[in-house]
Amino acid sequence: MTLAGSVFAFTPTAAQISQFQNLPKAQQEALARQYGVDIGSFTSGASGSASDVQQAPVLEPVDKKESAPAPETAHHAAADNDSGLSLFGYDVFSGNSLGLTVVDDLPVPLDYQMAPGDVINVQTFGKTNQNLSLTIDRDGSINLPDIGPVAVSGQTFAQLRKQINDVIKKKTIGVDVSVTMGAMRTMQVYIVGEAVQPGAYNVNGLTTITQALIASGGVKKSGSLRHIQLMRKGKVVSDFDLYDLLVKGDTSKDIRLSSGDTLFIPVRQNSITIEGEVARPAVYEAKGGTTVGQLLSLAGGAKPNAYLSRVSVRRTSSKGVQQFTLDLSSSSGRGFKLEDGDKVNLSAVSMSLKNAVAVRGEVVRQGALNFKQGMKVSDAIGSIDDGLKQTADLNYALLVREVNANQDIEIYQFSLLDALTNQGSAANLTLQEKDQIFVFDNGLAQGYWFGSYANSKVKAAGGSDKTREVLDTETGAVITKEESTALKVPTADAVSDAAELRKASREALLKPIIERLKEQASYGSPAKVIEVSGAVKFPGLYPLAKNANVSSLIAAAGGLNQDAYLTSAELSRRLMQGDKATFERIDFSLKDAISGNYPVSLGAQDTLIVKTQPGWQEGMVVELQGEFVFPGSYTFRRGETLKDVIERAGGFTEFAYPDGAVFSRERLKRQEAERLKFINAQLKQEISTMSLRRQGSSVPDPAQAIAIVDQLDNAQPVGRLVIDLKKAVKGDELANLMLEKGDKLFVPAVNPVVSVVGEVQFTSNHTFNPNLTVEDYIASAGGTKRQADTDRIYIVKANGSVELPNNSFWFSRNYDPLEPGDTVIVPVNTDYLDGLSTLSTATQILYQIGVAWSAVKD
């Protein structure tokens, strides 16, 4: 069976039938006549099956069989090569065969060559009106009514329009003519060779070489893109180079096909790889005699960082592997002729700066500067006002200098203030090529902006703590957290974390320097770093400068804190004696060392400890709230007691109720928070264990326990300490506590109320009546619930102490009478929740925290 004959062998699909049905009626009739099929089998409706149709004129491979395996895609082919780079140009055809779609309203170019099968629409109007649809028959003519046959085949569309217009007007007077293109002819072409899906294709008269290639699924990886041959009647009429289209956008050789044409794709004969610093690294198909310059042009040219003076060309041939090194900055290098299989590699230039110095950190203009002989620090930075940010530390800056071929560095420390205000000073160091200047944060940035800009212009917006917004009082606009960062307006977060942020900023700038010093350390030459700790603003690890002393080291750490002890400081040093390390400690006067009266030499790995003044305390404040004659915050010295500060506050008012005092201590609050976390974790573990051993519905659901866990998550620690304030005021040694920083004392007014909380019918407060018992108060609250643990009812006294009974009938026995402010607590029965042992402790904590907060609020 011939290839053409195979048109009648395949069964059309439903999609093909649908495509045929969408064709104009004239073209349907022409195709039906051409292939000798019954047009009714295609137009009888959608209900007809594809198997009932003998043949359909579709624009796909006419020899395609539905059982054929899926063709190899050009995309996969393009990725298949030894170098790992893609084959240039093949991704244009990535994907499966697309076929060709007839577009009825496609503009027809005037140079379109008419041939048998084309349909022409002729409209006459004036003396007579006619609409004619004329098909060019096999002998190349059309039959005009009342005129006869007119030969038109071989003419362009423009020539045909003119001929028909002239013929009709000559034969019929008073008639105007309009000639348009109807359906275009369908013709058969062949695509053979290294096509993904070779075969015979039915295409329309406007199909070009590239459109036919796309219809066939593209070119195999073994096929040539540069020698695609269009053959007509046994002769090559065009040698199409697809690179002209892909690289230059030139479509002048993408000519239209004619009936019976053959597209032949030969095997690719020449492949050259170019990689490295080029715009399009890939494997290219080269024509004979291709030079490096021409290949570089195909690859889009070299990148700016390509090192053209040493370009590598590796050639593999029967002689083995040969290496060539070319200078593409010369014409001879660019003219080097390449051969099949050559691999060209363009390396990048060295990224190290030449003839430059760099400035980093808190400067207005960071980056590299052109180096000039005799250049100094002041030349690189400029003035304080123009060259530095307002956050720059004027007392501490570093100069990092490379000293040898291994790129080892040494450090010089200097004062920016001296260097920029007195250019003749020793601090204004003379620079060398590749020097880097590091300028650090002075640690005052947040304070400066908060003091000058924020206090005069910005106030709290009054939003929730989560929003962190501020309000611009001049415009009334709300400034978000992000905007405030850009404006350098501190939010609450920024102010609270300012110290940590400033320290982190300095550490971030120092980190690469310290790491570099550690890397270049070796045996017998320890890393040149030194540590500062104690009463300095920024304790930490610092580079040991060549010109360092105690004074400059203190400046590196941001200066001394106000609590620094100048009389004595300690320098710790490690000494090697043979294979053993010993430590030496040097005590000296920090004041004398800073002034220069007592020079102290510093060495690598030393540690300077700046001591704090003995007895120095900050924040020694106690807060008195409630029924004091003069409530408020009072500073105190170490050793003062509750009695002392209460006397300073004028004592209690006549309405005070000392037995209900709430005393809160920060240290206890932290301990309480840890206890809450522990109870929370333990309770969750017990709930999980209980859930795993539940066997049926008879075991109670632990939902109530989970609810208590959720309450523990949200509970805020109070840090309450039970005290006997009356005894403390009288001077009792045990009750009269020594004050600590952050203590708070709240003395409420007399509140004749007894509260009943927990597992009662109605949690409530009751007026104190000395004649009522605990049982009476519980009865007033509606009695206990089913899950109440009546054996463990207890009382939280107004002062925070707890009275715990010894049996279930405790309220009928002798006990201390209830007092105003007491709270009766009925806990939950833990056995009711499958024996959660931790739950009792958890509920007690929650009840007591609630009682304490209630007392403070009241």
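Quick note: structure is the one above.
Residues numbered from 1 in each chain as written. Predicted model: local features only at pLDDT ≥ 70, side-chain atom pairs only at ≥ 80, totals over all residues. Heavy atoms only, no water.

**A word on the pattern of salt bridges**
No. 1: Per the counting criterion, the structure on display carries 20 salt bridges.
No. 2: In this structure, Asp-743 and Arg-665 form a salt bridge, with 2.8 Å as the shortest nitrogen-oxygen distance. Residue Asp-743 is found in the loop between helix 22 (725-729) and strand 33 (744-747), and its partner Arg-665 is found in the loop between strand 31 (662-664) and helix 20 (666-692); the two are separated by 78 residues along the sequence.
No. 3: Overall, the relative accessible area of 1% leaves Asp-743 in the buried class.
No. 4: For Asp-789, the salt bridge is made with Arg-792, and the minimal N-O distance between the two is 4.0 Å.
No. 5: Judged by its relative accessible area of 10%, Asp-789 falls in the buried class.
No. 6: By relative accessible area, which is 37% here, Arg-792 ends up partly exposed.
No. 7: By sharing partners, the salt bridges in this structure join Arg-665, Arg-667, Glu-740 and Asp-743 into a single network. (Salt bridge = Lys/Arg side-chain N within 4 Å of Asp/Glu carboxyl O. Helix = DSSP H or I, 4+ residues; strand = E, 2+ residues; numbered from the N terminus. Buried < 20%, exposed > 50% of the residue type's maximum accessible area, 1.4 Å probe, protein only.)

**Brief notes about the packing of aromatic side chains**
No. 1: Summed over all chains, the structure comprises 7 aromatic pairs.
No. 2: With 5.3 Å between their ring centres and 50 degrees between their planes, Phe-324 and Phe-336 make a pair best called tilted. Within this pair, whereas Phe-324 is found in strand 14 (residues 320-326), its partner Phe-336 is found in the loop between helix 9 (331-334) and strand 15 (343-346), the two being separated by 12 residues in sequence.
No. 3: Ring centres of Phe-628 and Phe-652 lie 5.6 Å apart, and the angle between their planes is 45 degrees; on these two criteria the pair is classed as tilted. Residue Phe-628 is found in the loop between strand 29 (621-626) and strand 30 (632-635), and its partner Phe-652 is found in the loop between helix 19 (642-648) and strand 31; the two are separated by 24 residues along the sequence.
No. 4: Assessed through its relative accessible area of 3%, Phe-628 is described here as buried.
No. 5: With a relative accessible area of 25%, Phe-652 lands in the partly exposed category.
No. 6: Among the aromatic side chains, those forming a connected cluster through ring pairs are Phe-88, Tyr-243 and Tyr-284. (Phe/Tyr/Trp six-rings, centres within 6.5 Å; stacked < 30°, edge-to-face > 60°.)

**Let's talk about the sheet that holds strand 13 (residues 311-317)**
No. 1: Read from one edge of the open sheet, 5 strands run 12-11-15-13-14, paired in mixed fashion. The outermost strands of the open sheet, each flanked by one partner alone, are strand 12 (282-285) and strand 14. On average, each strand axis in the sheet is tilted by 20 degrees relative to the strand beside it, whichever way the strands run. (Pairing = 2+ DSSP bridges. Axes fitted to C-alpha atoms, helices over the stretch in contact; angles between N-to-C directions.)

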